[in-house]
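Chain by chain, the residues run as shown.
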Amino acid sequence: MRSPWLNKLSVIFGPRTPVSLLLICVISIVALIAVLGSSSSNELDSVPSTSKPDIYTYYRRLKEQAAVDYLELRTLSLGASRQKEFQLCGKEREIFVPCYNLSANVLAGFKDGEEFDRHCELSRLGEQCLVRPPKDYKIPLRWPAGRDVIWSGNVKITKDQFLSSGSMTKRLMLLEENQIAFHSEDGLIFDGVKDYSRQVAEMIGLGSDSEFLQAGVHNVLDIGCGFGSFGAHLVSLKLMAVCVAAYEATGSQVQLALERGLPAMIGNFISKKLPYPSLSFDMVHCAQCGIIWDQKDGMFLIEVDRLLKPGGYFVLTSPSSKPQGSSSSMKKRSMLKPLEDFSERICWSFIAQQDETSIWQKTVDAHCYASRKYAIPLCKEGHDAVTYYQPLMSCISGTNSKRWIPIQNRSSGSQLSKAELEVHGKYRVQPEDFFEDLQVWRSALRNYWSLLTPLIFSDHPKRPGDEDPLPPFNMIRNVMDMNAHYGGLNAAFQEEKKSVWVMNVVPVNARNTLPLILDKGFAGVLHDWCEPFPTYPRTYDMLHANGLLTQLSSERCDMMELFLEMDRILRPEGWVVLSDNLGAIEMARALATQSKNCLDCIGIVMLSIIAKAQIILNCISM
């Protein structure tokens, strides 16, 4: 029997009430409640401080519940509209990276190198489709085998490009049928990567490169990293080396590094600052990275100074051929002269020069900059607050930061002391919250691993001829935490000795905890999730997001665009773990069904302790 309420509706709207009309009515009622709640908030804001605090607390709970209700209604509307599944993109988009479109940038009037830069504002209205892998794509080998051997069909580089790339590249790589083998004994510099690393260590006064950690060098920014061999060696020394290189349509350094399971992202020194805060790295390394450092009135070097921590090192190696005779030595000296002159103005000390390598060290004296002749001015107060792809600046930053601590005085491990946590007080980081967060993620990681392991061994699709899955300790390598908070998931991975690295992403509209994450020696970056992430397709094995969907629901982000972007950067047979409010998780389930050519919902678990739902998605298409 029909209820009296439905009978009344039938009188008003007719015997057959459209579902969409009912949905509009429900949404209108919720909107009315939201408007009334908003007006109530204005009244509550005017209440004097002597009013009872539980009123505001109750109002906050109402707003949180309204956000959940909104997500649930949005899920219903998605189901009611029956949106069709997205199709696969064309073959030309196999290595598609949004925001990097040279022809569109030129037409928009960008020049002087800025046409090669990142311009997301020009790619807002792109075709919505699923980026497919190349026809001969194969699942990468598990770490550490995948570090030294990759499938040539997975990267956009041909045999002819290998053979025409010069003798150094031939020494670095060996092309065998459908594989590219990286030989750790050969490569970056003349006598091999290991000898080069030892040489750099000796030039800064160490006995060997195994002493980098004791000297305070924990994280390294490798600009123009080639194919990642230097970074791979530093990883073997327990250092975090992040490769940053410009976008390349073919033969990309970033794509090859990520394919090897090494930290990397697209970025360049053209017109904008890199999306890292000041005082982020212990060493900045450039080996034949193609940057003319004395251009733009030294702003590239000022950017390096901004990124370096006090006492950090700038290592420059160029060019590939050794000088022969006095004339070549004089030419080499003349090339370095502008750098030497400018380095004095920004308080760098010239440490040593050997063969083609020169090393400078940043000052530990924050007052040094004002005392130099033709000194570079200091940035205004608050300049460091915004670093997300802002224009390059010709001023010195970071000198007033509480994080101005020499690298030699920092903790040797990723566990920060209470005193080191106190310098992050401006980000409202309380030691109790920080350590409690780590405990939560220790438990959560064990939960994730217990859920993923049986799926890997039983439910995971197995291809004809493939061997049984390897043990779960190395079932993933490249992990992205899309809402990293304190980096607790990364710390839990490290404690459990999982053979992974984590790109800790801090959303630009969230609390900026990236300085704390970088001070722990982890990889991390600021990012706006309303925009595509600067990486190539199929570069991460696992994406993790805790509370991100709810956080973005009130912003301008298109959730479907976010899921398409997650699909783009996730490797086939990779995993997505989302933890959020139930309404957000149901919305994620609905969105995943629209892209079921790739994402398949394989499990959902209620976590009553933290009052959140968790969903695991698996990318199964090839």
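Preceding block: the structure.
The shown structure was predicted, so the numbers you read here are calculated from the model rather than taken from an experiment.

Structurally, the position occupied by Cys 347 is in the loop between α12 (325-345) and β9 (348-354). On the basis of relative accessible area, Cys 347 is assigned to the buried category, the value being 1%. Along the chain, Cys 347 and Val 364 lie 17 residues apart, while their C-alpha atoms are 9.1 Å from each other. If we ignore the near neighbours within four places in the chain, the residues touching Cys 347 are Gln 361, Lys 362, Thr 363, Cys 368, Tyr 369 and Arg 372.

Right, let's talk about the pattern of salt bridges for a bit. Pairing is possible between side chains that carry opposite charge, provided their charged atoms lie close to one another. On inspection of all chains with the given rule, the structure shows 13 salt bridges. Notably, a salt bridge pairs Arg 403 with Asp 519, separated by 3.0 Å at the nearest N-O pair. With a gap of 116 residues between them, Arg 403 in the loop between α13 (368-371) and α14 (418-422) and Asp 519 in helix α17 (residues 514-519) connect regions that are remote in the sequence. Judged by its relative accessible area of 5%, Arg 403 is buried. On the accessibility criterion, Asp 519 (11% relative accessible area) is buried. In this structure, Asp 541 engages Arg 571 in a salt bridge whose closest nitrogen and oxygen atoms are separated by 2.9 Å. With Asp 541 in strand β14 (residues 540-546) and Arg 571 in strand β15 (residues 570-580), this residue pair connects regions lying 30 residues apart in the sequence. When sorted by exposure, Asp 541 lands in the same class as Arg 571, which is buried. Within the structure, one salt-bridge network assembled from shared partners comprises Asp 282, Lys 309, Arg 403 and Asp 519.

Each aromatic ring pair is specified by the distance between its two centres and by the angle formed by the two planes. The full count for this structure, using the stated rule, is 14 aromatic pairs. Their ring planes at 75° and their centres at 5.2 Å tell us that Trp 293 and Phe 314 sit as a pair that is edge-to-face. Of the two residues, Trp 293 sits in the loop between β7 (281-287) and α11 (299-307) while Phe 314 sits in strand β8 (residues 308-317), which places them 21 residues apart along the sequence. You can call Phe 314 buried: its relative accessible area is 0%. Between Trp 501 and Tyr 540 the ring centres are 5.8 Å apart and the planes differ by 55°, which places this aromatic pair in the tilted class. Residue Trp 501 is located in strand β12 (residues 501-507), and its partner Tyr 540 is located in strand β14; the two are separated by 39 residues in the primary sequence. You can call Tyr 540 buried: its relative accessible area is 0%. Over the ring of Trp 151 we find Lys 138; its NZ or CZ atom is 4.4 Å from the centre of that ring.

Moving on: the sheet that holds β7. Pairing within the open sheet is mixed, and its seven strands lie in the order β6-β5-β4-β7-β8-β10-β9. Of all the strands in the sheet, just β6 (264-266) and β9 have a single pairing partner and so form its edges. Neighbour-to-neighbour, the strand axes of the sheet open up by a mean angle of 20°, direction not taken into account. Sheet analysis places strand β4 (residues 219-223) next to β7, joined by four bridges and oriented parallel. Bridged to Asp 222 within β7 is His 285. Sheet strands touched by helix α9 (residues 229-236): β4, β5 (240-245) and β7. Its angle to β4, the strand with the most contacts, is close to 170°.

For the rest of this paragraph, the subject is the side chain of Asp 222. One can find Asp 222 in strand β4. One buried charged residue, Asp 222, remains without a salt bridge, the closest side chain of opposite sign being Arg 260 at 9.6 Å. For Asp 222, the contacting residues outside a window of four places in its chain are Phe 230, Gly 231, Val 242, Cys 243, Val 244 and His 285.

On to helix α19 (residues 559-569). Each α-helix turn comprises 3.6 residues. Residues three or four places apart therefore point the same way. Here α19 lies mainly inside the structure; 10 of its 11 residues are buried. If you check the start of α19, you find a side-chain oxygen 2.9 Å away from the backbone N of Met 560, and it comes from Asp 558.

Evaluation of the coordinates by the stated rule reveals seven disulfides. Between the sulfur atoms of Cys 225 and its disulfide mate Cys 243 the distance is 1.9 Å. Handedness of the Cys 225-Cys 243 disulfide follows from its S-S torsion of about -65°: it is left-handed. In this pair, Cys 225 sits in the loop between β4 and α9 while Cys 243 sits in strand β5, placing the two residues 18 residues apart along the sequence. For the pair Cys 225 and Cys 243, a shared accessibility class is recorded, and that class is buried.

Rules behind the numbers
- Residues numbered from 1 in each chain as written.
- Predicted model: local features only at pLDDT ≥ 70, side-chain atom pairs only at ≥ 80, totals over all residues.
- Heavy atoms only, no water.
- Helix = DSSP H or I, 4+ residues; strand = E, 2+ residues; numbered from the N terminus.
- Buried < 20%, exposed > 50% of the residue type's maximum accessible area, 1.4 Å probe, protein only.
- Contact = heavy atoms within 4.5 Å.
- Salt bridge = Lys/Arg side-chain N within 4 Å of Asp/Glu carboxyl O.
- Phe/Tyr/Trp six-rings, centres within 6.5 Å; stacked < 30°, edge-to-face > 60°.
- Lys NZ or Arg CZ within 6 Å of the ring centre and 35° of its normal.
- Pairing = 2+ DSSP bridges.
- Axes fitted to C-alpha atoms, helices over the stretch in contact; angles between N-to-C directions.
- Lys, Arg positive; Asp, Glu negative; His and termini not counted.
- Polar contact = N/O pair within 3.5 Å; in protein donor to acceptor, adjacent residues only side chain to side chain.
- Disulfide = S-S within 2.5 Å.

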